[in-house]
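Per-entry structural report
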Amino acid sequence: VTVLVVENRGRDVAALLCDLFPLLRDCDYVCFMHDKKAVQTKPGSVGADFGRTCTGNVAKNTAHVKNVLCEFEKDPYLCILCPPFPTHGLYFMNLCSGGWGPNYDNTRRLAKELGFNVPMSGEKTPIAPFGSVFWFRPAALEPLLARGWKHSDFPAEPLPGDGTISHAIERIYPFAAQQAGYYPAVVMSQDFAVTRIDTLQAYANGLIRPLARVFDCTTFYSAALSASGFASRKHWFSHYGPYENSRRRKARNWLRDHLPKGTYEGIMR
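Keep in mind that this is a model prediction, so the values were computed, not measured.

Cut-offs used in this document
- Residues numbered from 1 in each chain as written.
- Predicted model: local features only at pLDDT ≥ 70, side-chain atom pairs only at ≥ 80, totals over all residues.
- Heavy atoms only, no water.
- Helix = DSSP H or I, 4+ residues; strand = E, 2+ residues; numbered from the N terminus.
- Buried < 20%, exposed > 50% of the residue type's maximum accessible area, 1.4 Å probe, protein only.
- Contact = heavy atoms within 4.5 Å.
- Areas by Shrake-Rupley, 256 points an atom, 1.4 Å probe, with all protein chains shown as cover.
- Axes fitted to C-alpha atoms, helices over the stretch in contact; angles between N-to-C directions.
- Parallel < 35°, antiparallel > 145°, perpendicular 65-115°, else oblique.
- Left-handed = near helix turned anticlockwise from the far one by under 90°.
- Nonpolar A, V, L, I, M, F, W, Y, C, P; charged D, E, K, R; others polar.
- Core = buried A, V, L, I, M, F, W, Y, C linked by side-chain atoms within 4.5 Å.
- Salt bridge = Lys/Arg side-chain N within 4 Å of Asp/Glu carboxyl O.
- Pairing = 2+ DSSP bridges.
- Phe/Tyr/Trp six-rings, centres within 6.5 Å; stacked < 30°, edge-to-face > 60°.
- Lys NZ or Arg CZ within 6 Å of the ring centre and 35° of its normal.

Here's the deal with the overall build of the protein
Along its length, the protein carries 11 helices and 4 strands. In the protein, buried positions account for 39% of the 269 residues. Counting contacts in the protein only where the partners sit at least 6 residues apart, residues at least 24 apart contribute 74% of the total. As displayed, the protein offers around 15,300 Å² of accessible surface, 58% of which is attributable to carbon and sulfur atoms.

Written out as C-alpha cells, the structure reads:
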C-alpha cells in the first residue's frame, strides 16, 4: 500500500491524472475508485446511490473483479470498463442529454486541444465513467496522459457542480481510448443489470401510456390504426381499456359528454 498526500485541488480527477498516473504506467489494468458522494444532490440518498452505482458495478465482489480481469485478458482492444450513468432521481435527466449535460462544448474543446480526431456527437451518449470510477488499461490512455496535467489546471474549491474541466475529462476518456485504437464498454453486476432493465421498462411505460391516451389505443393493432388515421378519425377519444376506471379517464369522459364536440376535441388536442 502506497499512501500519497496530494494537493487539495481538482479532487479525484486531478489526483488520478496528476499524482497517480505516473505510478500506473507499468500496470496492466487499473481500477480507480473514490468515495463518490454527490453531496450537492438532494435528498442525500439520491447522491449516495450514485456512489453505489459506481462502486457496485466495478468491484461488487471477488468473482465480479475476476470477470473484469478476464474480459481484459480476452480482448486486447478493450480499454475502459465503466458503470452505466445514473438515471435515478434527478439523474433521470441524463436520459434527455445522453449523459452530456452542459459538458458537450467543453469536452469538444478539450478533444481539440489534445489533438483528438475521433467522431464526437451530442446526439450520442459517450461510454464514459460518469463519477470517475472505472477500470482501464493505462497504456491505452497515453494520448490523455501526454498532456502533462497539473493541479493548477483545475478550479479551486468550491468546485461547481457541473460544467468544469473535471466533467469534461470524465467524458474524454473513451475518446482518448479510441484515439489510441481501443474501445470503451459498460460493466454491470448481474443484480444491477436486472434492476436497470426493470427501471428502464418503467420509464418506457411512463412515456408510452400518455401517448396511448393521445392516440386512443391499447394494442399494437389499434396503435397502427390510430397512427395512420389520426387526423381523420371520427371519434378520437372514446372509452377504452385499462384507463376506463381512472379518475383522469372519468374526468375526460365527463368533459366529452358535457362539452360541445369542437371544444372537447380542442382541449384534448
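Quick word on the packing of helix 5 (residues 104–114) against helix 7 (residues 165–179)
It is the contact of helix 5 with helix 7, at a shortest axis distance of 9 Å, that shows an interaxial angle of 70°. The angle between the axes of helix 5 and helix 7 places the two elements in the roughly perpendicular class. For helix 5 against helix 7, the interelement crossing comes out right-handed. Contacts from N106, T107, L110, A111 and L114 of helix 5 reach helix 7 at I165, A168, I169, R171 and I172. Residue composition of the contact of helix 5 with helix 7, grouped by class: 7 nonpolar, 2 polar and 1 charged.

Quick word on the nonpolar core
Formed by 34 residues in total, the largest nonpolar core has its most connected members in L17, I80, F136, L141, I169, I172 and Y173. Looking at this core, the elements with two or more residues in it are helix 1 (11–24), strand 1 (30–32), strand 2 (78–82), helix 5, strand 3 (134–136), helix 6 (142–145) and helix 7. Other than its neighbours up to four places away in sequence, L17 contacts P22, L144, L145, W149, F154, I169 and Y173. A38, F50, L78 and F85 belong to the second largest nonpolar core, which has 17 residues in total.

What about unusual backbone geometry?
A cis amide bond, omega 0°, links E157 with the succeeding residue P158. Along the chain, P158 turns up in the loop between helix 6 and helix 7. With a phi angle near 50°, R11 is a residue other than glycine that sits in the positive phi range. Looking at the secondary structure, you find R11 in helix 1. For R11, a relative accessible area of 45% gives the class partly exposed. Backbone geometry places S132, a non-glycine residue, at a positive phi of 55°.

Things to note about the pattern of salt bridges
A full pass over the atoms with the stated rule returns 9 salt bridges. Note that E157 is salt-bridged to R11, the shortest N-O span being 2.8 Å. Taken as a pair, E157 in the loop between helix 6 and helix 7 and R11 in helix 1 lie far apart in primary sequence, 146 residues in all. The class of E157 is partly exposed, set by a relative accessible area of 35%.

Some points on the sheet that holds strand 1
Spatially, 4 strands are ordered 1-3-2-4 in an open sheet, and the strand pairing comes out mixed. Of all the strands in the sheet, the pair left with one neighbour each is strand 1 and strand 4 (183–186). Neighbour to neighbour, the strand axes of the sheet diverge by 20° on average, direction disregarded. In this sheet, strand 4 lies alongside strand 2 in parallel orientation, the contact comprising 4 bridges. Considered in strand 4, the bridge of I80 is made with P184. With respect to the sheet, helix 3 (residues 62–74) is in contact with strand 2 and strand 3, its orientation differing from that of strand 2 by roughly 155°.

Quick look at the packing of aromatic side chains
Under the counting rule described, the total for this entry stands at 11 aromatic pairs. Seen from their ring centres, F50 and Y91 are 5.0 Å apart, and the 65° between their planes marks the pair as edge-to-face. With F50 in helix 2 (residues 44–58) and Y91 in the loop between strand 2 and helix 4 (94–97), this pair connects stretches of sequence that are 41 residues apart. With respect to class, F50 is no different from Y91; both count as buried. The interplanar angle of 40° and the centroid separation of 6.0 Å between the aromatic rings of W149 and F154 together place this pair among those described as tilted. Here the two residues W149 and F154 agree in accessibility, since each one is buried. Three or more aromatic residues link up through ring pairs in this structure, and these residues are F21, F32, F134, F136 and Y173. In this structure, R147 packs its charged tip against the face of W149, placed 4.0 Å from the ring centre. The side chain of R196 reaches across the aromatic face of F85, ending 5.7 Å from its centre.

Without other data, these values stay purely geometric and don't point to any function.
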